[in-house]
Amino acid sequence: MPTRRDLLHLAAAPLLLRTARAADAGADAEGMERIDTHIHIHREAPALVASFKDSRWSGLDIVVCPTEGDEPYDLGARLDATLKGARSSGGRIAWASTFDARGFESPDFAERTSARLRRTFDDGAIGVKIWKNIGMAIRGKAGAYLLPDHPSLLPIYEAIGRADRTLVAHLAEPDGAWMPLDDKNPELPYYSKNPRWHMLGRAGVPSKESILDARDRVLARYPRLRVVGCHLGSDEDDLKRLARRLDAFPNFAVDTAARIRYFARGNREQTREFLTRYQDRILYATDFALRDTAPEAGAKTLLARHRRDWDFFATDAAMEYEGRPTRGLALPEPVLRKIFRDNARRWLPGIGV
Ligand SMILES: [Zn+2]
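Below is a short write-up of the structure.

Parameters and conventions
Residues numbered from 1 in each chain as written. Predicted model: local features only at pLDDT ≥ 70, side-chain atom pairs only at ≥ 80, totals over all residues. Heavy atoms only, no water. Salt bridge = Lys/Arg side-chain N within 4 Å of Asp/Glu carboxyl O. Helix = DSSP H or I, 4+ residues; strand = E, 2+ residues; numbered from the N terminus. Buried < 20%, exposed > 50% of the residue type's maximum accessible area, 1.4 Å probe, protein only. Arc of directions from axis to C-beta. Contact = heavy atoms within 4.5 Å. Polar contact = N/O pair within 3.5 Å; in protein donor to acceptor, adjacent residues only side chain to side chain. Core = buried A, V, L, I, M, F, W, Y, C linked by side-chain atoms within 4.5 Å. Axes fitted to C-alpha atoms, helices over the stretch in contact; angles between N-to-C directions. Parallel < 35°, antiparallel > 145°, perpendicular 65-115°, else oblique. Left-handed = near helix turned anticlockwise from the far one by under 90°. Nonpolar A, V, L, I, M, F, W, Y, C, P; charged D, E, K, R; others polar. Donors = N, O, S within 2.8 Å, 3.2 Å for Na, K, Ca; no water. Expected span 1.5 Å × (residues − 1). Bend = angle between axes of the 7 residues up to and from the residue. Pairing = 2+ DSSP bridges.

### With respect to the pattern of salt bridges
Any two side chains of opposite charge can pair, so long as their charged atoms come close to each other. One pass over the full model with this rule turns up 29 salt bridges. Here Asp149 and Arg217 are joined by a salt bridge, their closest N and O atoms 2.7 Å apart. Of this pair, Asp149 sits in the loop between α6 (133-136) and α7 (154-162) while Arg217 is found in helix α9 (residues 208-221), placing the two residues 68 residues apart along the sequence. Assessed through its relative accessible area of 44%, Arg217 is described here as partly exposed. Arg241 is paired through a salt bridge with Asp175; the nearest N and O atoms lie 3.1 Å apart.

So this is what it looks like as structure tokens:
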């Protein structure tokens, strides 16, 4: 039989738990404005914006131009729809524009592209996305792959820098794109479904290192250009490799989009050490894509993702992350503030409320 004292103790337990949680580093920061620096919405989505407002989140809606051959693609419509969504969001959603790199061999390419980008800057775009089709898909007339440091792209980077915008760069892929498709490949589900991006054994395709080296030459050439590397800069498989690059290029930061699972399955202490050491260079992001989902349902999914990720970074709770057991990182509050807000504001000026 429980004594009266035991019962009192039991009744107080939830309160004690709450107090313990309030003492957690993250609990104070949880009420702050937070920023997801990599999402794909591309339309007006009032329910999603309302959810952002309620939960005190802002986001960056990033336009991608996924072209590679001579297929038609209405980039203008995509840019317009994204602009419209951002404009109707009351400042909750900023946007990043992009350009179609397929015409890179035509003589007026750089001039024409820079002029178009400047119009998107006038429309409030705070950054420009370049995508993995540069390095892995787009080829010139003679068959050579377009690399990120091709001379035709340099004036575009200069135009982005002159306008004080940020280059948002998803270049290359996880190591899994160059590994056999077996159980040892952490990206087996993705490349099984997207064989187009599985590069192993393909003749003439640049290696991952040569793509990232070309990106690094851009970082070195334009030390004042802010560059955010999407998906941990494609160095998600090796934080030491990423650390070397962050050390070498002070103008380079990375987002966590769709790659927090690499932290969750890695060595917890090494991950904590990495995130603490590079606390000024990591931007929280999900890579959430609304696609054809109703904004109400999309908002719910994204809110759940934001909660899960916050718990992973801020608490030391045992949890499952995409089906794998792990434990939260319990990062200190000043680090959480940077990763979830302040870095976004510094690397992507104009983002957030
Ligand atoms: Zn994305």
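So that's the structure; there's more coming.
### Looking at helix α13 (residues 268-277)
Note that an α-helix has 3.6 residues per turn; residues three or four places apart therefore point the same way. Those residues of α13 that sit buried are Arg268, Thr271, Phe274 and Leu275. Projected onto a plane normal to the axis of α13, the buried residues spread over an arc of 130 degrees and lie on a single side. Opposite the buried face of α13, at more than 90 degrees from it, the exposed residues are Glu273 and Arg277. The inward-facing, buried residues of α13 contact α11 (239-248), α12 (260-265), β8 (282-283), α14 (295-314), β11 (324-327) and α15 (333-347). Sitting at the head of α13, Asn267 places a side-chain oxygen 2.9 Å from the backbone nitrogen of Glu269.

### Regarding the side chain of Thr166
Looking at the secondary structure, you find Thr166 in strand β5 (residues 166-169). Taking the relative accessible area as the measure of exposure, Thr166 reaches 0% and is therefore buried. Among the polar contacts made by the side chain of Thr166, one reaches the main-chain carbonyl oxygen of Trp347 at a distance of 2.6 Å. The residues touching Thr166, leaving out its near neighbours within four places in the chain, are Ile126, Gly127, Val128, Ile160, Arg226, Val228, Trp347, Leu348 and Pro349.

### Describing the nonpolar core
Leu48, Phe99, Tyr157, Leu275, Phe312, Phe313 and Phe340 are the most contacted members of the largest nonpolar core, which has 86 residues in total. Take this core: its biggest share by element is 6 residues, from α14. If we skip the residues at most four places from it in the chain, Phe312 touches Ile260, Phe263, Ala264, Met319, Tyr321, Thr326, Arg327, Gly328, Leu329 and Ala330.

### Examining the packing of helix α5 (residues 109-122) against α7
In the contact formed by α5 and α7, the axes pass within 9 Å of each other and the chain directions differ by 25 degrees. As the angle between them shows, α5 and α7 are arranged roughly parallel. Once α5 is placed against α7, the crossing between them reads as right-handed. From α5, Phe109, Ala110, Thr113, Ser114, Leu117, Arg118 and Phe121 reach across to α7, where they touch Pro155, Ile156, Ala159 and Ile160. Tallied by class, residues from the contact of α5 with α7 come to 8 nonpolar, 2 polar and 1 charged.

### Focus on the side chain of Ser152
Tracing the chain through its elements places Ser152 in the loop between α6 and α7. Within the structure, the side chain of Ser152 is placed 2.9 Å from the side chain of His150, a separation counted as a polar contact. With residues up to four places along the chain from it excluded, the contact list for Ser152 reads Phe104, Phe109 and Ala110.

### Focus on the coordination of the zinc ion
Around a metal, the idealised angle for a tetrahedral arrangement of four donor atoms is 109.5 degrees; for an octahedral arrangement of six donor atoms it is 90 or 180 degrees. Within the protein, the zinc ion binds to His38 (NE2), His40 (NE2) and Asp287 (OD); these donor distances fall in the range 2.1 to 2.2 Å. Read in sequence order, the donor residues coordinating the zinc ion give the pattern H-x1-H-x246-D. Here His38, found in strand β1 (residues 34-40), pairs with Asp287, found in the loop between β8 and β9 (288-289); they are 249 residues apart in sequence, far enough to count as distant. With a relative accessible area of 0%, His38 lands in the buried category. The class for Asp287 is partly exposed, based on a relative accessible area of 23%.

### A short note on α15
Between the first and last C-alpha of α15 there are 20 Å, a value that for 15 residues agrees with the 21 Å anticipated at 1.5 Å per step. The principal kink in α15, of about 50 degrees, is found at Ile339. Within α15 the residues assigned to the buried category are Glu333, Val335, Leu336, Ile339, Phe340, Arg341, Asn343, Ala344 and Trp347.

### As for unusual backbone geometry
Non-glycine residue Leu232 carries a positive phi angle of around 55 degrees. Its location among the elements puts Leu232 in helix α10 (residues 230-233). You can call Leu232 buried: its relative accessible area is 0%. In the Ramachandran plot, Ala258 falls in the positive-phi region, its phi being about 55 degrees despite a non-glycine side chain. By secondary structure assignment, the location of Ala258 is in the loop between β7 (252-255) and α12.

### Quick look at the sheet that holds strand β6 (residues 227-229)
One open sheet holds the 9 strands; their spatial order is β8-β7-β6-β5-β4-β3-β2-β1-β9, and the pairing between them is parallel. Either end of the sheet is taken by a strand with one partner, and the two such strands are β8 and β9. Inspection of the sheet shows strand β3 (residues 93-98) paired to strand β4 (residues 127-130) by 3 bridges, in the parallel sense. Paired with Thr98 across the bridge in β4 is Lys129.

### A short note on the environment of Pro66
Relative to the elements of secondary structure, Pro66 occurs in the loop between β2 (57-62) and α4 (75-87). Residue Pro66 is classed as partly exposed on the basis of its relative accessible area of 26%. Residues Pro66 and Ala137 lie 71 residues apart in sequence; the distance between their C-alpha atoms is 9.5 Å. Leaving out residues up to four positions away in the same chain, Pro66 has contacts with Glu71, Tyr73, Trp131, Asn133 and Arg196.

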